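Remarks on the overall topology
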Amino acid sequence: MLASTVVLLAGCSTTTTSSGSAGSAGGGSAASAGAAATTASATTGCGSRVETGSLPDWADAGFSGDARIPHVFGAKGDIVAALFAHPLRQGRKDGSNNKILWVARASTTSPDPTSPATLVITATLDGTDTTVTRRVTGGPGPSIIDMPQAGCWHLDLRWSGHTDTMDLVYAP
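All of the points below concern the structure found in this document. (Residues numbered from 1 in each chain as written. Predicted model: local features only at pLDDT ≥ 70, side-chain atom pairs only at ≥ 80, totals over all residues. Heavy atoms only, no water.)

1. Observations regarding the nonpolar core
Judged by nonpolar contacts, the single largest core of 24 residues is most densely connected at Ile 100, Trp 102, Leu 155, Leu 157, Met 166 and Leu 168. Broken down by secondary-structure element, the contributors of at least two residues to this core are strand S4 (79-83), strand S6 (99-104), strand S7 (119-125), strand S8 (131-136), strand S10 (151-159) and strand S11 (162-171). Among residues more than four places away in sequence, those in contact with Leu 168 are Cys 46, Val 72, Leu 83, Leu 88, Ile 100, Trp 102, Gly 151, Cys 152, Trp 153 and Leu 155. Membership of the second largest hydrophobic core comes to nine residues, among which are Leu 55, Ala 59, Val 80 and Leu 101. (Core = buried A, V, L, I, M, F, W, Y, C linked by side-chain atoms within 4.5 Å. Buried < 20%, exposed > 50% of the residue type's maximum accessible area, 1.4 Å probe, protein only. Helix = DSSP H or I, 4+ residues; strand = E, 2+ residues; numbered from the N terminus. Contact = heavy atoms within 4.5 Å.)

In structure tokens:
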């Protein structure tokens, strides 16, 4: 019997057929952001991987000590999703939430006066036409983000004139 291994690398970009509203994130590299985190990571089967080590310095405000929390970088490396609930689940029966703290690099948070500050997340379930929109009022920050089905969700993130993308897996 022959065994094979598949390895996914951070920095893979995804494309969605959905459209969202309002602004997004600016330059940077997810590959360099991921490499900066000297941590082990878990490959999800989606294009983005869950890092398990320390948050980058630009994303650890409000945390004490060595801020180790599962997190996913945006493809551009300008936003990170800190996963307080890991794994994320389509339906949580234990009373917990799919809490995600969205943190944008300081250089990407200067507001564009013509763009709403709200973080708009347009999510498309991989391999389907299923698209949902979620909003985080006030821009990147704490949120509860639930999805209607388990699977790999491709997220188009827009806030204050900036954009980024990432994939998040929601388990059944």
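2. Details of the environment of Pro 172
Along the chain, Pro 172 turns up in the segment after S11. Counting along the chain gives 81 residues from Pro 172 to Gly 91, while the straight-line C-alpha distance between them is 6.6 Å.

3. A short note on the pairing of S6
With respect to burial, S6 is a largely interior element, five of its six residues being buried. The pairing of S4 with S6 spans five bridges and is antiparallel. Counted as the bridge partner of Ile 79 is Ala 104 from S6. Pairing of S6 with strand S9 (residues 142-144) involves three bridges; the strand directions are antiparallel. In the sheet register, Ile 100 faces S9, and the bridge partner there is Ser 143. (Pairing = 2+ DSSP bridges.)

4. Comments concerning the pattern of salt bridges
Oppositely charged side chains can form a pair if their charged atoms are brought close together. One pass over the structure, following the stated rule, counts three salt bridges. Ionic pairing is found between Arg 49 and Glu 51, a salt bridge with its closest N-O pair at 2.7 Å. When its relative accessible area of 22% is taken as the criterion, Arg 49 is described as partly exposed. Linking Asp 156 and Arg 158 is a salt bridge whose minimum nitrogen-to-oxygen distance equals 2.8 Å. (Salt bridge = Lys/Arg side-chain N within 4 Å of Asp/Glu carboxyl O.)

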